[in-house]
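One letter stands for each residue in the lines below.
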Amino acid sequence: MFKGLSGLGDMAGMMKKAQEMQSKMGEMQEELHNIMVVGEAGAGLVKATASAKGDLKSLDIDPSIFNGDDKEVVEDLILAAVKDAQTKAAERAQDEMTKLTEGLGLPKDMKLPF
């Protein structure tokens, strides 16, 4: 009589997993604000620090590069350091997402959020 309802147990398990994943995703999003990465340019003369969410938090510029004739070089180094920090932030965020999906038993190459 209840033959058609045999899949409900699987559905309940899936719903529980989805709720667990949603909760862990929220926690991870908060953690990404606290994880810092440092991008560098000019052999470390310019350093940009960003959160794993990609928000630029600080710049550190070695005073030795301040020469009026090198304005364009300094600007290029700053831009390169910021881009490096953003790239590292995106990579770190993806690493954290991969840890989350693997912990929930989802495929390793699953890209989240959908």
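Look up: the structure comes first, before these words.
In this report, we go over the structure that sits alongside the text. Computed from a predicted structure; not experimentally measured.

Rules behind the numbers
- Residues numbered from 1 in each chain as written.
- Predicted model: local features only at pLDDT ≥ 70, side-chain atom pairs only at ≥ 80, totals over all residues.
- Heavy atoms only, no water.
- Helix = DSSP H or I, 4+ residues; strand = E, 2+ residues; numbered from the N terminus.
- Buried < 20%, exposed > 50% of the residue type's maximum accessible area, 1.4 Å probe, protein only.
- Contact = heavy atoms within 4.5 Å.
- Patch = residues over 30% accessible without salt bridge, like charges linked within 9 Å, V, L, I, M, F, W, Y side chains within 5 Å.
- Areas by Shrake-Rupley, 256 points an atom, 1.4 Å probe, with all protein chains shown as cover.
- Salt bridge = Lys/Arg side-chain N within 4 Å of Asp/Glu carboxyl O.

Structural notes on the environment of Val46
- Position of Val46 relative to the elements: it lies in strand E2 (residues 46-51).
- The buried category is assigned to Val46, whose relative accessible area is 0%.
- A C-alpha to C-alpha distance of 6.3 Å links Val46 and Ala81, two positions 35 residues apart in sequence.
- Dropping the residues within four chain positions of it, Val46 is found in contact with Gly39, Glu40, Ala41, Asp60, Ile61, Ile65, Leu77, Ile78 and Ala81.

What to know about a nonpolar patch on the surface
- A cluster of nonpolar side chains, Met11, Met14 and Met15, forms an exposed patch at the surface whose accessible area comes to about 330 Å².
- The topology assignment puts Met11 in helix H1 (residues 8-34).
- Note on Met11: relative accessible area 45%, which makes it partly exposed.

Geometric descriptors of this kind do not, in isolation, establish any biological role.
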